[in-house]
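What follows is the residue order along each chain.
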Amino acid sequence: MSRIHEVIHRYATARAVAEHGVSIFAVGDPSGAQLNAAIRRTLFTLGDERSDVWTDLLQAANALRWRRMTQPQPNSYQPAQVEIVEAVLRHTKRLRHFVGDESLLDQLAASATAVSETDSPLGPLLLDSIREVGESACIVVATKGSARAGLQVWLDQAGVPVLVPGELGHLSAGTEQSYVIAPPAFVPSSLMTAPATSEVTFVIPAWFGNRAAPCSSLGPHAEGRIEVKAAVYEIGDTTEPPETLPNDTEVMDTYFPQPVWDSRLSADREPASDEVMAWKVLLGGGLALWLDDGDRIRSLDPRQPEGDRVGYTSVSDVTQGTYLVLREGETERGVMYDQAMRALGPRAEGILATQERWKRALQQRLDQRGVRRAADELFALGVRSAGQVRAWTEARLICPQRDTDFALLLEWLAMTSQPTYDNAITLRRAVHKASAGLRKELELAVSQANFRTLERDGILHLDVSHEGFRGMIVTRVLARSPFTEIVTRSQVRLPFSDVSAQWLD
């Protein structure tokens, strides 16, 4: 399909959805409704001031409910669900005799058990609908890659592709119907305002009450805006558990799993010479990472063609969904630096001496002026990346990425340009050469990897033969803290186990 035909097709599908609206299949799910009621009852009873002892239990229960909503494949296709149910039961047992209302624990345990013993009714309804329309005319839309991976294994038997919202730009001709496995509130409004198919159907559990079809973010400001209508069809046993909450009760309930960030521990001070400011990044596979304000970090883009998947991402662009390529036990930066030094041979000693000299001078200037004032002075001088001035003191961060920035930095430090400038550039080239060799190894390992495993589990171990890099992993960013903490330099960019990332999707 040519580009012009794609545009014409998009206009046609948008017109069809604007005229006829979208459908919402609200499917009865008694076991899921029981779990939903138990969670909401617990949240209401505990209120906003609930003790932290409930956090682990509620996170696990919420993850189980979210999976029930967004992954309706049979339980036999959901090995991870067993672990979540076991966690709910384990935490309810742990809290016995430590909480005031044990009935809340009973309800959560019973509902989690019920979910583990019954397949979601949304699954059979989805399969029947696909067969009625025709497998070749349908696609299924999942909330994100992890949900897609689980659904695709199940739907392979039906020959129906599963996509995420960002992949709907290029559909094969003849695709008429998309089934979105999530409520409208949890997917981009573009699925309705700029649809990829002429018919859009949301498949949701009946116990989720918000069935509104949101409009475009620009809609309220547009004249004659199009409002997409939603026709709701209730299917199956939609009976709700007995209501025990007061009428018109509002419960702060997010439904989708969220990270729980503790309060900031670092005092309002500048880091010492062996410390840095860093964001905590939660990763797939139950890992976390302290991410400093360096220029970039190695990453992976599975959407790129083979041979171009491994590259670098700016630290500022590391967000939820980014895939990072990391080394277990030691930072990649350190190993690349050591390899470059060995490759430089007899020149290494002189280069190391000039590197140490300008970095020592920079640290002394930061100690005298403070980081904020130093950054302001460098910005005024024309150093574009002055906000990273603290990171430049790190021994293995060679120099600013822009050569002009480095030259201006040396001028600000009142240091002669040569041989310091040329030595740093030589070292950087040596590191880039060593890094290019590793990249080839990583591309080869990635080409042999199973991306479904990466999407499903959020982590993938790479088989890399490169010396010193046998512990390489690819892991998905699940969340990034909204604030920084002061940590020691030795902690930065080293993945470590962290249970707070356990149930994030």
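Residues numbered from 1 in each chain as written. Predicted model: local features only at pLDDT ≥ 70, side-chain atom pairs only at ≥ 80, totals over all residues. Heavy atoms only, no water.

Caption draft 1: Region of the structure containing the overall build of the protein chain. Each helix and strand in the protein chain was counted, giving 14 helices and 14 strands. C-alpha atoms of the protein chain, sized along the principal axes, occupy 80 × 65 × 50 Å. The contacts in the protein chain between residues at least 6 apart in sequence include a share of 72% that link residues at least 24 apart. Summing over all exposed atoms, the protein chain offers an accessible surface of approximately 24400 Å²; the carbon and sulfur share of this is 50%. Here the protein chain holds 53 positive side-chain charges and 65 negative ones, and the gap between their average locations is 7 Å. (Helix = DSSP H or I, 4+ residues; strand = E, 2+ residues; numbered from the N terminus. Contact = heavy atoms within 4.5 Å. Areas by Shrake-Rupley, 256 points an atom, 1.4 Å probe, with all protein chains shown as cover. Lys, Arg positive; Asp, Glu negative; His and termini not counted. Charge placed at Lys NZ, Arg CZ, Asp CG, Glu CD.)

Caption draft 2: Geometry of the packing of aromatic side chains. Applying the stated rule across the entire model yields 9 aromatic pairs. Where F186 meets F256, the ring centres are 5.7 Å apart and the plane angle is 80°; that geometry is what we call edge-to-face. Of this pair, F186 sits in the loop between strand 4 (177-180) and helix 8 (190-193) while F256 sits in the loop between strand 6 (230-235) and strand 7 (275-283); the two residues are 70 residues apart in sequence, bridging distant segments of the chain. Both rings, one in F406 and one in Y421, keep their centres 5.8 Å apart while their planes meet at 20°; by these two values the pair is stacked. With F406 in helix 12 (residues 403-412) and Y421 in helix 13 (residues 420-447), this residue pair connects regions lying 15 residues apart in the sequence. Residue Y421 is classed as buried on the basis of its relative accessible area, which comes to 19%. Three or more aromatic residues link up through ring pairs in this structure, and these residues are W66, F186, F208, Y255 and F256. (Phe/Tyr/Trp six-rings, centres within 6.5 Å; stacked < 30°, edge-to-face > 60°. Buried < 20%, exposed > 50% of the residue type's maximum accessible area, 1.4 Å probe, protein only.)

Caption draft 3: Broad picture of the pairing of strand 13 (residues 472-488). Across the 17 residues that make up strand 13, a large majority, 13, are buried. With 5 bridges joining them, strand 11 (residues 323-327) and strand 13 adopt antiparallel strand pairing. Considered in strand 13, the bridge of V325 is made with V474. With 3 bridges connecting them, strand 12 (residues 459-461) and strand 13 associate as antiparallel partners. (Pairing = 2+ DSSP bridges.)

Caption draft 4: Representation of the domain arrangement of the protein chain. Assigned domains within the protein chain: domain 1 (3-28 + 121-235), domain 2 (30-117), domain 3 (275-336 + 438-497) and domain 4 (338-430). Using only C-alpha atoms to locate each centre, domain 1 and domain 4 end up separated by 52 Å. (Domains from an automatic or database assignment.)

Caption draft 5: How the structure looks around helix 3 (residues 55-70). Its 16 residues give helix 3 an end-to-end C-alpha distance of 22 Å, which sits within 8% of 22 Å, the value for a rise of 1.5 Å per residue. Burial analysis of helix 3 places 14 of its 16 residues in the buried class, the great majority of the element. (Expected span 1.5 Å × (residues − 1).)

Caption draft 6: Focus on unusual backbone geometry. The omega torsion across Q418 and P419 is 5°, close enough to zero to call that bond cis. Residue placement: P419 occurs in the loop between helix 12 and helix 13. Residues other than glycine seldom take positive phi values, yet H97 does so here, at roughly 70°. Here H97 shows up in the loop between helix 4 (79-94) and helix 5 (102-117). Even without being glycine, A414 reaches a positive phi, approximately 60°. With respect to the helices and strands, the residue A414 is situated in the loop between helix 12 and helix 13.

Caption draft 7: Expanded view of the environment of V17. Turning to its location among the elements, V17 is positioned in helix 1 (residues 3-20). The spatial distance from the C-alpha of V17 to the C-alpha of P195 is 7.4 Å, given a sequence separation of 178 residues. Beyond its immediate sequence surroundings of up to four residues, V17 is in contact with V22, M192, P195, T197, S198, V200 and V228.

Caption draft 8: Looking closely at the sheet that holds strand 5 (residues 199-205). The parallel open sheet is built from 6 strands, whose spatial order is 3-2-4-5-1-6. Looking at the sheet topology across the chains shown, the edges are occupied by strand 3 (162-163) and strand 6. Pairing geometry for strand 4 and strand 5, over 4 bridges, is parallel. Paired with S178 across the strands is V200, a residue of strand 5.

Caption draft 9: Examining the environment of G387 more closely. Along the chain, the position of G387 falls in the loop between helix 11 (371-381) and helix 12. Using a relative accessible area of 49% as the deciding quantity, one classes G387 as partly exposed.

Caption draft 10: A look at the packing of helix 11 against helix 12. Where helix 11 meets helix 12, the closest approach of the two axes is 10 Å, and the angle between their N-to-C directions is 120°. Compared by their axis directions, helix 11 and helix 12 come out oblique. You can see that helix 11 and helix 12 cross each other, and the crossing is right-handed. Contact with helix 11, carried on its side by A374, E377, L378 and L381, involves L408, L409, E411 and W412 of helix 12 and no other residues of that element. In the contact of helix 11 with helix 12, the residues fall into 6 nonpolar, no polar and 2 charged. (Axes fitted to C-alpha atoms, helices over the stretch in contact; angles between N-to-C directions. Parallel < 35°, antiparallel > 145°, perpendicular 65-115°, else oblique. Left-handed = near helix turned anticlockwise from the far one by under 90°. Nonpolar A, V, L, I, M, F, W, Y, C, P; charged D, E, K, R; others polar.)

Caption draft 11: Seen up close, the pattern of salt bridges. Summed over the entire model, instances satisfying the criterion amount to 21 salt bridges. Across the pair D156 and R452 runs a salt bridge, and its minimum N-O distance is 2.7 Å. Residue D156 is found in the loop between helix 7 (145-155) and strand 3, and its partner R452 is found in helix 14 (residues 451-457); the two are separated by 296 residues along the sequence. Accessibility expressed as a relative area gives 37% for D156, which makes it partly exposed. On the basis of relative accessible area, R452 is assigned to the partly exposed category, the value being 36%. Within this structure, R40, R65 and D253 form a network of salt bridges that share partners. (Salt bridge = Lys/Arg side-chain N within 4 Å of Asp/Glu carboxyl O.)

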